[in-house]
Amino acid sequence: MALRLRSLLLFAAVLSCSNAAWAHGPTPQKVDEKITIAAPPADVWKVVKDFGSIGSWHPWVTKIKVEGSGNETTRTLTLKSGGTLIDSLDAIDDKAMEIDYRLQNEDFNALPVSSYSSAITVQPAAGGSEVEWIARLYRFDTGNEPPDDKNDAAAVKASTAYIKAGLEGLKAKIEGK
Amino acid sequence: MRVRLPVAALLSAIAIALRGAMAMASSQNIYVLSQDDGILSVIDTEADEIAAKIAITGKPAAFAIDATSRKAFATLPDTGEVAVIDLDRRTTLPSLKIGGQPFGIAADNAGFLFVGDWSANQIAVVNETTGAVEGRLTVGKAPAHLAATRDGKRLYVADRESDNVAVIDTKSLKILSEIPVGRAPFALALSPDEKFLAVANVQTATLSIINTESLRIVSSPATGAMPYGVAITHDNSEILVSEQHGGKVSIFDAHTLLPHAEIKVGRYPEGVAVLRNGRKAYVANWFSGSISVLDLKTNTEIKKIKCPEGPRTVLAGAARD
């Protein structure tokens, strides 16, 4: 029993060491979330491709300001947390039903991330459409000793929550619930 | 006797031809470095399959190959090390502990490495055998990728946060010029004839084409969104650019600097490499965890090879004999 406990402790120690190692290093991180929406892809795409529409479906967004046009469009989102996200549009591909944008600013109060970029795609699926929202990002503090709230795990957790809330909001808006 | 001589000559001629054909056919491997899984994959470019996977401890970001010592050197930003890989034996050797946050790397093919330190804004000159840092030079902010001339006398550095390219004389360790380019230059490629440098500016979505003699920008053609990788064909005629947004590779004519092909690849493509024979190119799809194989005659993707997670840097190198 004592032996088993000791080996368990040793195992835990090894685990925590490897966790610490994981938290280091400026390695780009991935977020990949999907949702099914009961509506034709063309209808979903119409909402998704409108870069300024996010204010009407993302529950975290309290205010939005859209400036510029075409690939020079930026949107400034004020979030419930008080933080600000300034997104700039990169590409809209109607054929692939894909919109790409990237974050221009770094605001810890909005999302603890840096060099963040995102793509949303719409595809036909059983029951209507599938929307996939992916992101490539770095943690907020890209130095070698980031605090817990600025490390890789914190960046991925917050971005996942932001994207999930957005997808659910998009679904609710389009399905009229 | 009258018969033997021509037969012997013929046989040896055949043997030479065969050896030549074999060398040509299997002359190059493609090496792909996957950061998340910490693996250097060796791709057999005949079969277009992964022939070997070499495990590296940690999360290697970028690598360079020393063509003389036939070793690969991969930067480990988290631990301040450079991993050393023997490409013939396909094993790792003890890593070089240089400190800091090493990211971009280039080899001079004569025993020295140039290693960028992302957060200290420095380039270190490192003895590839002992790991001793023999010199340091401060450059602009966030040195990303590096390119050295084959003789190692000159080094080009993309300073991502300073929006310029530093041109360095490696003998005197002095900056010859800091050339302002577009916003967020990350990847760069020196043409095989070393007459021009192509720099991919991530945020402005342009290439800066720099004449390496005048050190002036001769053209800044527009690319797709977020260009993250660049390679030039061995005959200096084409420039390949990977574009993260849109998931494409655009091919520019190096003379007109106009894009003449666009190939859809995987998601968030990054590093690109072209075989010396110009037939195929290989692109690391970072998000998809795959390598796209491109046929450069038809400008199409002919295969996707699943690879370890987080592929970023791709290089072509001579295959072992």
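Before reading further, recall that the structure is shown in the block above.
Residues numbered from 1 in each chain as written. Chains lettered and ligands numbered in written order. Predicted model: local features only at pLDDT ≥ 70, side-chain atom pairs only at ≥ 80, totals over all residues.

Enquirer: I would appreciate a short explanation of the interface of chain A and chain B in the present structure.
Expert: Interface size, as often reported, equals the accessible area lost upon joining of the parts. Contacts between the two partners involve 16 residues from chain A and, on the opposite side, 15 residues from chain B. Taken together, the elements giving at least two residues each to the side of chain A that touches chain B come down to β4 (84–93), β6 (113–125) and β7 (128–139) of chain A. In terms of residue count, β4(A) provides more of the side of chain A that touches chain B than any other element does, three residues in total. Its residues assigned to classes, the side of chain A that touches chain B shows five nonpolar, six polar and five charged. (Contact = placed C-beta atoms within 7 Å. Helix = DSSP H or I, 4+ residues; strand = E, 2+ residues; numbered from the N terminus. Nonpolar A, V, L, I, M, F, W, Y, C, P; charged D, E, K, R; others polar.)

Enquirer: Hey, could you run me through unusual backbone geometry in this one?
Expert: With the exception of glycine, the majority of residues adopt a negative phi angle, and the majority of peptide bonds are in the trans configuration. Residue and element names in this part refer to chain B. Non-glycine residue R70 carries a positive phi angle of around 55 degrees. Tracing the backbone through its elements, the reader meets R70 in the loop between β4 (63–66) and β5 (71–76). When the 15 C-beta atoms within 10 Å are taken as the criterion, R70 is described as partly exposed. A positive phi angle is found at N299, which is not glycine, with a value near 55 degrees. (Buried ≥ 20, exposed ≤ 12 C-beta atoms within 10 Å, placed from the backbone.)

Enquirer: Is there a simple way to explain the sheet that holds β4(B) in this structure?
Expert: Sheet strands pair via backbone hydrogen bonds, and the direction of the pair is either parallel or antiparallel. All names here are of chain B. Spatial ordering of the open sheet is given by β4-β5-β6-β7, a layout of four strands whose pairing is antiparallel. Of all strands in the sheet, those bounded by a partner on one side alone are β4 and β7 (91–97). With direction set aside, neighbouring strand axes in the sheet form an average angle of 25 degrees. Direction of pairing for β4 relative to β5: antiparallel, over a ladder of four bridges. Bridging from a neighbouring strand, A64 pairs with F73 of β5. (Pairing = 2+ DSSP bridges. Axes fitted to C-alpha atoms, helices over the stretch in contact; angles between N-to-C directions.)

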